[in-house]
Amino acid sequence: MGEALAPLLRAHPGKTGIFPLADPHDAFAARIVLAQTAERTLDIQYYIWRTDVTGTLLFEALHAAADRGVRVRLLLDDHNSSGLDATLAALHSHPHIEVRLFNPFRFRRLRGLDFLTDFSRVNRRMHNKSFTADNQVTIVGGRNIGDEYFGAKEGLIFADLDVMALGPVVRELSQEFDRYWGCGSSFPADGILPPAAPSRIEELAAKAGRVEREPAAAAYMAAISQLPFIHRLLEGKLELEWAVTRMVCDDPGKGLGLAAPESTLAYQLGEVIGDPVSDLELISPYFVPTAAGVSAFSTLSLRGVRIKVFTNSLDATDVAVVHAGYAKRRKALLKAGVRLFELHRKLPKRRRKKRVGPFGSSGSSLHAKTFSVDRARIFVGSFNFDPRSAQLNTELGFVIESPALAREIEAAFNDQIPAIAYEVRLSRGGRLLWFEHRGGQLIRHDTEPGGGFWKRAGITLLSWLPIEWLL
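Residues numbered from 1 in each chain as written. Predicted model: local features only at pLDDT ≥ 70, side-chain atom pairs only at ≥ 80, totals over all residues. Heavy atoms only, no water.

A. Examining the nonpolar core more closely. Counting 59 residues, the largest nonpolar core has Leu42, Trp49, Leu74, Leu88, Phe131, Met164 and Phe229 as its most contacted members. If sequence neighbours within four positions are ignored, Leu74 has contacts with Ile44, Trp49, Phe59, Leu62, Leu88, Glu98, Val99, Arg100 and Trp181. Counting residues in each nonpolar core, the second largest holds 40 residues, with Met126, Phe177, Phe310 and Ile409 among its members. (Core = buried A, V, L, I, M, F, W, Y, C linked by side-chain atoms within 4.5 Å. Buried < 20%, exposed > 50% of the residue type's maximum accessible area, 1.4 Å probe, protein only. Contact = heavy atoms within 4.5 Å.)

Below, the structure is given as structure tokens:
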């Protein structure tokens, strides 16, 4: 891999090659290819890893890499690892695989007891997402590992965004991974999980084989193998955007509440990006601006900055309580001059190939986390615009100095987003109205679409509770 990339890096000194992974199939394929072509190391960290089709196949890809002699380090947040203990213990038993858990639960079966006895620690999670091969190529963005993130299931499909990167920023990320790997919140699996039987890891390989033979999985993998992206990647013919790229990342000490303010991602973003001058276009599935955020947006708007926000509608969100934190601020945001767009939920049938600007397929729920500033630079990563990302969870992302990528986000707001979102506006009397483009007509909704009376009432009740800091 290093030999193949060396001529490209020499031709673009000081810059990082960026390839957006907007299509969910491309995003899965890129991870599989990196696992299959790695020669020395795979360093991987995630918040969620499912044991569904794509999760099982990626676990087996790590196992196969380790069998070739690749050193595999897998760092998982423990919050969503319920049911994974036996699988993780089996992987950890391989001589070339080491698994660590971030902020592990002491009570493996009754995890609620940890929230009762150690809430301040277990309420802090590692939300970082990265997949790095040979310290040469990495994938960073919003996707966790699971079928809903890779377009491999019916029902809920997330519209998401990663970037594949090669160049100087990958060395920065590798160093940061080492910090997380050795931090006070990361614990080796063999100190937490019961030991795996010697035959268990081979059972994982057999399970992956059975999964691959299932009709739905076989059809999915057949589609993956035919992707033009795969062939361009393997032949070294991908068209990359070469740009100065900075990594921003929380200090891992944040997992224990020990990070200094200047070591947080939110602070670093302010330092790297500065104050917007003309435009701010923000895409966030879990958008909880708080009173301070509304005030900041209002100040920017008064200075002439045009602000657009795209988030989930009540019907599209997969976390209703977070929507309550956003809903209570809608009127204030609109009065401040912010334009609000909310994805309306559509079942993904017959839409899988449809693209929605820079963040992939239309899906049925938004999960991409990106924003563009002054049509010149963008952020892509795991950071949601909410108090949890800013204050509680650790996060990771890239700031990319690329007018070309910024124009893609601008084009999405101008062209694609209005077609698949409600635009929220204020009536002359100060009431919220939702406008939807449908069949060439502009439809007005006088009540929040996608939720019945009781659902809307529940959101209103949640918005009254003093829980915004948890969202």
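B. View of the side chain of Asp77. When you line up the elements, Asp77 lands in strand β3 (residues 71-77). Judged by relative accessible area, which is 1%, Asp77 ranks as buried. From its side chain, Asp77 meets the backbone nitrogen of His79 in a polar contact 2.9 Å long. Polar side-chain contacts of Asp77 include one of 3.0 Å to the side chain of Arg125. Those residues within four positions of Asp77 in sequence are excluded, and the remaining contacts are Tyr46, Tyr47, Phe102, Arg125 and Met126. (Helix = DSSP H or I, 4+ residues; strand = E, 2+ residues; numbered from the N terminus. Polar contact = N/O pair within 3.5 Å; in protein donor to acceptor, adjacent residues only side chain to side chain.)

C. Representation of the packing of helix α3 (residues 53-67) against helix α8 (residues 200-213) within the structure. Their axes nearest at 9 Å, the elements α3 and α8 cross at an angle of 135°. Taken together, the axes of α3 and α8 lie oblique to each other. Crossing hand, α3 versus α8: left-handed. Two secondary-structure elements touch here, α3 through Val53, Thr56, Leu57, Glu60 and His63 and α8 through Ile201, Glu202, Leu204, Ala205, Lys207, Ala208, Val211 and Glu212. (Axes fitted to C-alpha atoms, helices over the stretch in contact; angles between N-to-C directions. Parallel < 35°, antiparallel > 145°, perpendicular 65-115°, else oblique. Left-handed = near helix turned anticlockwise from the far one by under 90°.)

D. Region of interest: the sheet that holds β3. The 9 strands lie next to each other as β9-β4-β3-β2-β5-β6-β8-β1-β10, forming an open sheet whose pairing is mixed. Both edges of this open sheet fall to β9 (186-188) and β10 (241-243), since each of them pairs with a single strand only. Taking the axes of each pair of neighbouring strands and ignoring which way they run, one obtains an average angle of 20° across the sheet. Relative to strand β4 (residues 97-102), β3 runs parallel, the two sharing 6 bridges. Each residue of the ladder has a partner; that of Asp77, found in β4, is Phe102. Against the sheet, α3 touches β2 (41-46), β3, β4 and β5 (130-133), its axis set at about 150° to β3. Together, β3 and β4 form the strand contacts of helix α4 (residues 85-92), whose direction differs from that of β4 by roughly 140°. (Pairing = 2+ DSSP bridges.)

E. Spatial organisation of the layout of surface pockets. Taken as a whole, the largest pocket spans an internal volume of roughly 670 Å³. Lining the largest pocket are 26 residues, with Ala266, Ala296, Phe297, Phe383 and Phe385 sitting closest to its centre. Among the secondary structure elements, those contributing two or more residues to the lining of the largest pocket are α11 (265-273), β12 (279-283), α12 (290-302), β16 (370-373) and α15 (387-392). Sort the elements by how many residues they give to the lining of the largest pocket and α12 lands first, with 6 residues. Grouping the constituent residues of the lining of the largest pocket by class yields 18 nonpolar, 5 polar and 3 charged. Computed from the structure, the second largest pocket encloses a volume of approximately 560 Å³. Mapped by element, the contributors of at least two residues to the lining of the second largest pocket are α13 (320-327) and α15. The residue inventory of the lining of the second largest pocket, partitioned by class, reads 14 nonpolar, 9 polar and 8 charged. (1 Å grid on protein atoms, 1.4 Å probe; cavity = no way out; pocket = protein on both sides within 12 Å on 5 of 7 lines; lining within 4 Å. Points joined across faces, edges and corners; volume = space filled by probe spheres on them. Nonpolar A, V, L, I, M, F, W, Y, C, P; charged D, E, K, R; others polar.)

F. Representation of the pattern of salt bridges in the model. For the structure shown, the criterion picks out 29 salt bridges. With a shortest N-O distance of 3.1 Å, Arg179 and Asp251 are connected by a salt bridge. You can see Arg179 sitting in helix α7 (residues 168-181) and its partner Asp251 sitting in the loop between β11 (245-249) and α11, a full 72 residues away along the chain. Arg179 gets classed as partly exposed once you look at its relative accessible area, which sits at 38%. Glu448 is the salt-bridge partner of Arg330, the closest N and O atoms lying 2.9 Å from each other. You can see Arg330 sitting in helix α14 (residues 330-335) and its partner Glu448 sitting in the loop between β21 (441-445) and α17 (453-464), a full 118 residues away along the chain. Among the residues examined, Arg330 registers a relative accessible area of 4% and is labelled buried. Looking at Glu448, the relative accessible area reads 10%, which means it is buried. Where salt bridges share partners, they join Asp43, Arg71, Arg73 and Asp178 into one cluster. (Salt bridge = Lys/Arg side-chain N within 4 Å of Asp/Glu carboxyl O.)

G. Quick look at the packing of aromatic side chains. According to the stated counting rule, one finds 15 aromatic pairs in the structure shown. Judged by centre distance (5.8 Å) and plane angle (20°), the rings of Phe177 and Trp181 are stacked. Taken together, the residues Phe177 and Trp181, both in helix α7 and 4 residues apart, mark about one turn of the helix. Taking the relative accessible area as the measure of exposure, Trp181 reaches 7% and is therefore buried. The rings of Phe287, Phe297, Tyr326 and Phe385 are connected pair by pair, giving a single aromatic cluster. Here Arg73 stacks its cationic end above the ring of Trp181, 5.4 Å away from the centre of that ring. (Phe/Tyr/Trp six-rings, centres within 6.5 Å; stacked < 30°, edge-to-face > 60°. Lys NZ or Arg CZ within 6 Å of the ring centre and 35° of its normal.)

H. Looking closely at the packing of α4 against α8. Remark: α4 packs on α8, axes separated minimally by 8 Å, with the N-to-C direction vectors making an angle of 115°. Classified by the angle between their axes, α4 and α8 sit roughly perpendicular to one another. Once α4 is placed against α8, the crossing between them reads as left-handed. Facing α4, whose interface residues are Ala86, Thr87, Ala90 and Leu91, α8 presents Arg200, Ile201 and Leu204.

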